[in-house]
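Coordinates in review
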Amino acid sequence: MPEISILVPVYNVETYLVKCMDSILGQSFSDFEVFCMDDGSTDTSGCILDQYAKKDGRVQVIHKKNTGYGHTMNQALQMAKGKYIGIVESDDYIAKDMYKELYQQMEELQLDIVKTDYYDLWSHEDGTEEIKYHSLTENKNMYNRVIEPNQEMESYFLEKFTWNALYRRSFLVKNQIQYNETPGASYQDNGFWFQTFYYAKKVMFLAKAFYRYKQDNPNSSIHSTQKVYAMKSEYDFIHHFLEGHQEKEKRLYQIGFHFRIRGYMYTLEQVADSLKLELAQTMAKECKQYQEWGEATFEWMTEEERKLIEQIKESPEQYVKKKLAEKEAIRKGIEGFSHVIIYGAGYYGKRAYHFLKKMKEVKVDMAVTTLDGKKEYYYSDQIKEIQELQEYRESSLVLLAVKKDSPAYKEMSKKLEELGFVHKKDSEEVG
């Protein structure tokens, strides 16, 4: 019987699959089995997996019709025989000692779950990769000690991902923890995460990172603009779970509400324009409904988030109308330019970046005044010093992405004049 069962859900990831599988089979800890769940791939993913199974007896490949992430993972959980369960998404990869270190912690402390920090990963056109360390929390007191989540509810606010972890299989079986079987591959890890934290008595968070989480797979579900209600279904599932366990702890309902609304706000930015109004109306309706039930709280939201929520509650129609008008103003503001330079990499710059990157006909560069010799990226794009883009001074639009009339705005405007940039606007001029 293997010590660890590693579950790998696979769907059309031929570009990334070899690196993923090599990282698993190259682990310094070797007593494991791998269940590769080919969920109806239409590319060469299935063939790649079959080749690995021929070379390594630890690899088992299950080819199945496409039933979605939740059903696929539940099937894998039923087949797993290891003492512990690990999960690796098939477009990601892991460091050599990941399961060795996690296994040691599980054994020594008899944990239900051990979780770690991780790296965000981007690939560049020249074949190089950019990784950025991502902490589960800024609260260092949450690390490297045994925690019972329901006694320290702050633990629910650490990152919810399920793959940067090892789980005791008997713990999952005993508590009948499974994934919510909704269509597609969006948000199903949320319900699984909530159940594990609800039941767990011994959890540890390690201040180390082993997992490389790919951010720029264009087929990833995080980039979908159509799965509007996948997140709603997942938090309905969590709410139903609490009701089914006759849970009276108000804080747990409030935690569920908090992440539901945060999910709505994120999704509202991502979805197609034609879907925004219906989602905003759903958000407004549920905010009021959960307030009536006494399950709503906005105490963990930022001031900006609270203002946004109030606008949506007051009139989702006006909110969406305003947002669409802002987007149209930006489109008109950059009309006639195929290249936009975002000058400023702070809050305004990042907002402009996310909007403009969706406009495939526009090339976007992000720039700052100086990088002090450092190489920095935002997502997969390298941030430039503004003088590096001087060759485009007559043909490109420079968007000054700082608060108008601030000291930084005046300094940056002067810099653009010195470098001879001809076309420039501020964020207010383009919406």
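Residues numbered from 1 in each chain as written. Predicted model: local features only at pLDDT ≥ 70, side-chain atom pairs only at ≥ 80, totals over all residues. Heavy atoms only, no water.

With respect to the overall build of the protein chain
- Looking only at helices and strands, the protein chain has 13 helices and 17 strands in total.
- By principal-axis analysis of the C-alpha atoms, the protein chain measures approximately 70 × 55 × 45 Å.
- Here the protein chain holds 431 residues, and the buried ones make up 52% of them.
- Counting contacts in the protein chain only where the partners sit at least 6 residues apart, residues at least 24 apart contribute 76% of the total.
- Of the roughly 20,700 Å² that the protein chain leaves accessible, carbon and sulfur atoms contribute 47%.
- Separation between the mean location of the 59 positive side-chain charges and that of the 69 negative ones in the protein chain comes to 2 Å. (Helix = DSSP H or I, 4+ residues; strand = E, 2+ residues; numbered from the N terminus. Buried < 20%, exposed > 50% of the residue type's maximum accessible area, 1.4 Å probe, protein only. Contact = heavy atoms within 4.5 Å. Areas by Shrake-Rupley, 256 points an atom, 1.4 Å probe, with all protein chains shown as cover. Lys, Arg positive; Asp, Glu negative; His and termini not counted. Charge placed at Lys NZ, Arg CZ, Asp CG, Glu CD.)

Some words on the pairing of strand 16 (residues 397-400)
- By the alternation rule, side chains of strand 16 split into Leu-397 and Leu-399 and Val-398 and Leu-400, which are all buried.
- Across 4 bridges, the pairing between strand 16 and strand 17 (residues 423-426) is parallel. If you follow Val-398 over to strand 17, its bridge partner there is Lys-424.
- In this region the chain leaves strand 16, passes through helix 13 (residues 407-419) and returns to the parallel neighbour strand 17; the handedness of that crossover is right-handed. (Pairing = 2+ DSSP bridges. Right-handed = clockwise from strand over helix to strand, strands pointing away.)

Some details on unusual backbone geometry
- At Gln-176, a residue that is not glycine, the phi angle is positive and equals roughly 50 degrees.
- Phi is positive for Asp-405, close to 70 degrees, though the residue is something other than glycine.
- Along the chain, Asp-405 turns up in the loop between strand 16 and helix 13.

Description of the confidence of the model for the protein chain
- Taken as a whole, the protein chain shows an average pLDDT of 92; of its residues, 96% reach a score of 70 or greater.
- Every residue in residues 220-225 is under pLDDT 50, and counting partners more than four places away or in other chains gives 14 contacts. (pLDDT = per-residue confidence, 0-100.)

Overview of the pattern of salt bridges
- On inspection of all chains with the given rule, the structure shows 22 salt bridges.
- Here Lys-64 makes a salt bridge to Asp-39, at a shortest N to O gap of 2.7 Å. You can see Lys-64 sitting in strand 3 (residues 59-64) and its partner Asp-39 sitting in strand 2 (residues 32-39), a full 25 residues away along the chain.
- The partner of Arg-251 in a salt bridge is Glu-299, and the shortest N-O contact between them spans 2.9 Å. Here the residue Arg-251 occupies a position in helix 8 (residues 250-270), and Glu-299 occupies one in the loop between helix 9 (273-292) and helix 10 (303-314), the gap between them amounting to 48 residues.
- Residue Arg-251 is classed as partly exposed on the basis of its relative accessible area of 31%.
- By relative accessible area, which is 44% here, Glu-299 ends up partly exposed.
- Taken together, the shared-partner salt bridges in this structure form one network comprising Lys-232, Asp-236, Arg-260 and Glu-286. (Salt bridge = Lys/Arg side-chain N within 4 Å of Asp/Glu carboxyl O.)

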